[in-house]
Amino acid sequence: MTIKGIIAGDASGATLYGTPLPLCFIGGSYRIIDPSISFLSRICGKIDVVCSCFHKEIERYIKNHEANRVSSLVSVIPSGYVYGSGKTLSFSELIKASAEEEDKTIDAFAVCSSNVVFNENAGKIVSLFEKHGKTLVLSNEERTLPFFLIEHDLLIYYLKKDQICGLPDKGNRYFAEVFAEKVDGERDYYDMNMRFVNEPLLCRGLFEKEDDEIISSCYNAPPAAFGENADVSSAVFTDGCVINGSVKNSVLLPFSRIEDGAVIKNCVVLPGRTVKSGEICENTVVK
Amino acid sequence: MKAQHKVAALILAGGEGRRLGGLTETQAKPAVPFAGKYRIVDFVLTNLGKSGITNVGIITQYRPFELSEYIGNGETWKIIASFLPPYSTREGAEWYKGTADAVYRNLEYSERKGSDYTLIVSADQIYSCDYTDLLKTHVENNADVTIYAVKVDKKDASRFGILECNENGEITGFEEKPSEPKSDLASMGIYVYDTDKLREVLEEDEKDLNSSHDFGKDVIPNAIKNGKKAVCCVYDGYWRDVGTVGSYLDASLDAIEGLCPLSGIMTRERSYPPGRRGDKGSARRCISAGNCYINGSVERSVIGRGVRIEEGAVVKNSVIFPGALIEKAAKLDYCIVADNSVVCENSVLTGDRTSFCPAVSGAGLLFRSESKEVIS
């Protein structure tokens, strides 16, 4: 079965702390868009990330993505958004732009949003789809996830009738056993990151599966450096961090610096931020 | 300079690296991991890419597979890499007899690239530079050969090829590893030649039956003795040759102290999960690459990718290569633990500054330095 992946890269133009939402770091070295790319890369021969805005930023990130290492699997399709005009395309318009390009060689489309963090056995999903046909929607016990598989002709049909938004309600549902989180705002973002510290086994199960691991894009940075006065426990850290203060139960994103005498507890420290000597941060995102 | 002249580089990467002991048992010296996420060769490749020198021939001989797989086409460093192993001709087939012989037999690479100048570099040094100054010095002085040099401590000078220069930067004397060094200016083993002049020099050296066909021992001293214009260009940044286990450990400890330039060094890697510190873990004065899990105590050490240090383990003054597992309550001091090795629970491995514990790469075995006992 030939499946094309479509990721709605950024339909809303949302940013978090000045970064396009799909490109925000989670759990140290991943970006929010990585789970979608990773999952689709296992079942699709081609993936379009369709964006109404931030396509340049997303394209720059995708260029060096692990999924594109061997061949150009993932492409970014800007959908004609004019910066400053205020016009953004809807989710269905974005999907339409990508789907209508394809000829009949595509049997089905796998469509998902870029801001849902999930992972599932790709082979299992495809065999379920082949068995039950037409459409398959991924959901867990809490919610329907913005991910579905749909036959080529059916997607075109729904697109023509402009019924794509209601589609998840029409499909066969497959309940994912792993967690899946949608990251929509600051609270979600903090909670999602803290799960990497508070529920490391769960997150490792989700992100570091032997055959279904989440892949990302490499960035060039020296290893994390721990100074003479570093006191770090229960923490996630990444290349480029420089730590010389006290860090407990926190996530340190790339190039963050914790100076001597600074205290960090239950925090997410954003990339490149410095916590200065004497500062105390607790239960927050350090901006 | 970058746009004006065509330059090709030849990297000497074929040596056995015997002085690195077990670290080079299964791989060439330039492929040995360094500072948690790099390999030694990353430094010279980054420098070449940064200098705009894209045509890079890598002369290999000893265990080249890991190195050639790692470098690939060189894209990571913005170079076009070609591997140059020994080859046969109608006259027969031979191993490279020395550094000069290796360059002589591959000079065609540089000529085929139409290069005006050939830069000869080693692959076992830790430094960050742009070769533009070196090339500029060579061209402006219309030199026969230009040598990159660095000031070293006088007490260490007898380990290097030592240069004597006049006030114009012209080299007036060269001694390889002198017992009583006349200056503190050491050759970095990096040379620039006009490509056509290099052929003449190397053809002469090939004919010399007394030559060991080595740049440091034969070609450079002969050039100076025969009145060729040899010029020195002084490099003033961090530089360390990592040809021995002791110097490798020194450079690793320098990386921990932030003396060694890691920022901007390119390495070829895939994406990895982040590093984690467990609730029993502590780390001071160390560097630690991603995907490692530390739940023991680490001090003044380099922790590579994917390393696991279990509860109660103590690691001091050591370098742990990627993928190694240090089991519960193991104690390591002045050790180098090879990639994917396992140090078993409660093991005590203690070396010292001059005789620390080397390891066998990838075999899951570890040697104790004192007794050579194998611990699996």
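From a predicted model like this one, the values you see are computed outputs, not experimental measurements.

Chemist: It is not clear to me how the sheet that holds strand E26 (residues 331-333) of chain B should be interpreted in this structure. Could you clarify?
Modeler: Through backbone hydrogen bonds, the strands of a sheet pair up, either in parallel or in antiparallel fashion. Residue and element names in this part refer to chain B. With respect to topology, five strands assemble into an open sheet ordered E17-E20-E23-E26-E29, the strand pairing being parallel. Because the sheet does not close on itself, it has two edges, and the strands there are strand E17 (282-284) and strand E29 (348-350). Each strand axis lies, on average, 5° off the axis of its neighbour in the sheet, ignoring direction. Across three bridges, the pairing between strand E20 (residues 297-299) and strand E23 (residues 314-316) is parallel. Bridge pairing links Val-298 to Val-315 in E23.

Chemist: What's the story with the interface of chain B and chain A in this structure? I'm lost.
Modeler: Interface size is commonly expressed as the accessible area that is lost once the parts come together. Facing 33 residues of chain B, the contacting portion of chain A comprises 33 residues. Both sides together, the interface formed by chain B and chain A hides about 2,600 Å², and carbon and sulfur atoms give 45% of it. Scanning the region where chain B abuts chain A turns up six salt bridges. Those elements giving two or more residues to the side of chain B that touches chain A turn out to be strand E16 (275-277), E17 and strand E18 (286-288) of chain B. For strand E14 (residues 224-226) of chain A and E18(B), the ladder comprises three bridges, and the chain directions are antiparallel. Within the sheet, the bridge partner assigned to Ala225(A) lies in E18(B) and is Ile287(B).

Chemist: Teacher, can you tell me more about the sheet that holds strand E21 (residues 274-275) of chain A here?
Modeler: Reading across from one edge, E21(A)-E18(A)-E16(A)-E14(A)-E18(B)-E21(B)-E24(B)-E27(B) is the order of the eight strands in this open sheet, with mixed pairing throughout. At either margin of the open sheet sits one strand with a lone partner, and together these are E21 of chain A together with strand E27 (336-337) of chain B. Pairing geometry for strand E24 (residues 319-320) of chain B and E27(B), over two bridges, is parallel. The residue bridging Ile320(B) from the neighbouring strand is Val337(B), located in E27(B).

Chemist: Would you mind showing me how to read unusual backbone geometry here?
Modeler: Trans is the prevailing form of peptide bonds, just as negative phi is the prevailing case for residues other than glycine. Residues and elements named next belong to chain B. Within the chain, Lys-177 stands out as a residue other than glycine whose phi angle is a positive 45°. Looking at the secondary structure, you find Lys-177 in the loop between strand E12 (171-176) and strand E13 (185-194). If you check the backbone angles, Asn-317 has positive phi at about 50° while not being a glycine. Counting through the fold element by element, Asn-317 comes out in the loop between E23 and E24. The exposure class of Asn-317 is buried, given its relative accessible area of 13%.

Chemist: Would you mind going over the packing of aromatic side chains with me for this structure?
Modeler: Aromatic ring pairs are defined here through the distance separating the ring centres and the angle between the ring planes. Residue and element names in this part refer to chain B. Within the structure shown, the criterion is met by 23 aromatic pairs over all chains. A centroid spacing of 6.0 Å and a plane angle of 80° characterise the contact between Tyr-127 and Tyr-235, whose relative ring orientation is edge-to-face. Taken together, the residues span a long stretch of sequence, with Tyr-127 in strand E9 (residues 125-127) and Tyr-235 in strand E14 (residues 230-235) at a distance of 108 residues. Each member of the pair, Tyr-127 as well as Tyr-235, is classed as buried. One aromatic cluster is present, formed by Phe-34, Tyr-38, Phe-43, Tyr-248 and Phe-321 through successive ring pairs.

Chemist: I tried to follow the environment of Asn193(A) on my own but got confused; where do I start?
Modeler: Residue and element names in this part refer to chain A. Topologically, Asn-193 is positioned in helix H7 (residues 186-198). Residue Asn-193 is classed as buried on the basis of its relative accessible area of 0%. Between the C-alpha atom of Asn-193 and that of Cys-203, which follows or precedes it by ten residues, the distance is 9.9 Å. The residues contacting Asn-193, other than those within four sequence positions of it, are Phe-25, Ile-26, Gly-27, Gly-28, Val-251, Leu-253 and Val-268. Only 2.7 Å separates the side chain of Asn-193 from the backbone nitrogen of Gly-27, close enough to count as a polar contact.

Chemist: What is the right way to look at the packing of H7(A) against helix H8 (residues 200-207) of chain A in this model?
Modeler: Geometrically, a packed helix pair is captured by the angle between its two axes and the distance between the axes. All names here are of chain A. Their axes nearest at 5 Å, the elements H7 and H8 cross at an angle of 105°. In terms of their interaxial angle, H7 and H8 are classed as roughly perpendicular. Of the residues in H8, those touching H7 at Met-192, Arg-195, Phe-196, Val-197 and Asn-198 are Pro-200, Leu-202, Cys-203 and Phe-207. For the contact of H7 with H8, the per-class residue count stands at seven nonpolar, one polar and one charged.

Chemist: Would you mind going over the domain arrangement of chain B with me for this structure?
Modeler: All names here are of chain B. Parsing chain B into structural domains produces domain 1 (7-256) and domain 2 (276-375). Listed by partner, the interface residues are 18 residues for domain 1 and 21 residues for domain 2. With both sides pooled, the region where domain 1 packs onto domain 2 buries about 1,700 Å², and carbon together with sulfur makes up 72% of that total. Among the residues domain 1 hides against domain 2, the three largest losses belong to Gly-36, Leu-249 and Ile-256. Together they make up 32% of the total. Counting every contact that joins domain 1 to domain 2 gives zero salt bridges. At the surface where domain 1 touches domain 2, the tally comes to one residue pair in polar contact (both at pLDDT 80 or more). Looking at the side of domain 1 that touches domain 2, the element that brings in the most residues is helix H8 (residues 245-256), giving nine residues. Classifying every residue of the side of domain 1 that touches domain 2 gives ten nonpolar, six polar and two charged.

Thresholds, definitions, all that
- Along each chain, numbering runs from 1 in the same order as the chain's sequence is written.
- For naming, the first written chain is A and the first written ligand is 1, with later ones following in the order written.
- Local features in a predicted model are, by the rule used here, given only for residues with pLDDT of at least 70; side-chain atom pairs are given and counted only at 80 or more, and totals for whole chains, interfaces and linings are based on all residues.
- Heavy atoms throughout the structure, all of them, feed into the side-chain values; hydrogens and water do not.
- When DSSP finds two or more bridges between two strands, those strands count as paired.
- We count a stretch as a helix when DSSP gives it H or I for four or more residues in a row; a strand needs E for two or more, and each element gets its number in order from the N terminus.
- Inter-axis angles, ranging from 0 to 180 degrees, are taken between N-to-C directions of lines fitted to C-alpha atoms, where helices are fitted over the stretch in contact.
- Should any heavy atoms of two residues lie within 4.5 Å, those residues are counted as being in contact.
- Two parts placed together each lose some accessible area under a 1.4 Å probe, and adding up what both lose gives the buried area.
- Between Lys or Arg on one side and Asp or Glu on the other, a salt bridge is scored when a side-chain nitrogen of the former is within 4 Å of a carboxyl oxygen of the latter.
- Type-normalised accessible area, obtained with a 1.4 Å probe on protein chains alone, sets the label of each residue: buried when under 20%, exposed when over 50%, and partly exposed for intermediate values.
- Side-chain rings of Phe, Tyr and Trp, where Trp is taken by its six-membered ring, are said to pair if the distance between their centres is within 6.5 Å; with planes under 30 degrees apart they count as stacked, over 60 as edge-to-face, and otherwise as tilted.
- Polar contacts here mean pairs of N or O atoms no more than 3.5 Å apart (in protein, one a potential hydrogen donor and the other a potential acceptor; neighbouring residues in sequence count only if both atoms are side-chain atoms).
- If an angle is under 35 degrees, it is roughly parallel; if it is over 145, roughly antiparallel; if it lies from 65 to 115, roughly perpendicular; otherwise it is oblique.
- Residues are grouped as follows: nonpolar covers Ala, Val, Leu, Ile, Met, Phe, Trp, Tyr, Cys and Pro; charged covers Asp, Glu, Lys and Arg; every other residue, Gly included, is treated as polar.
- Reported domain spans reflect what an automatic or database domain assignment gives.

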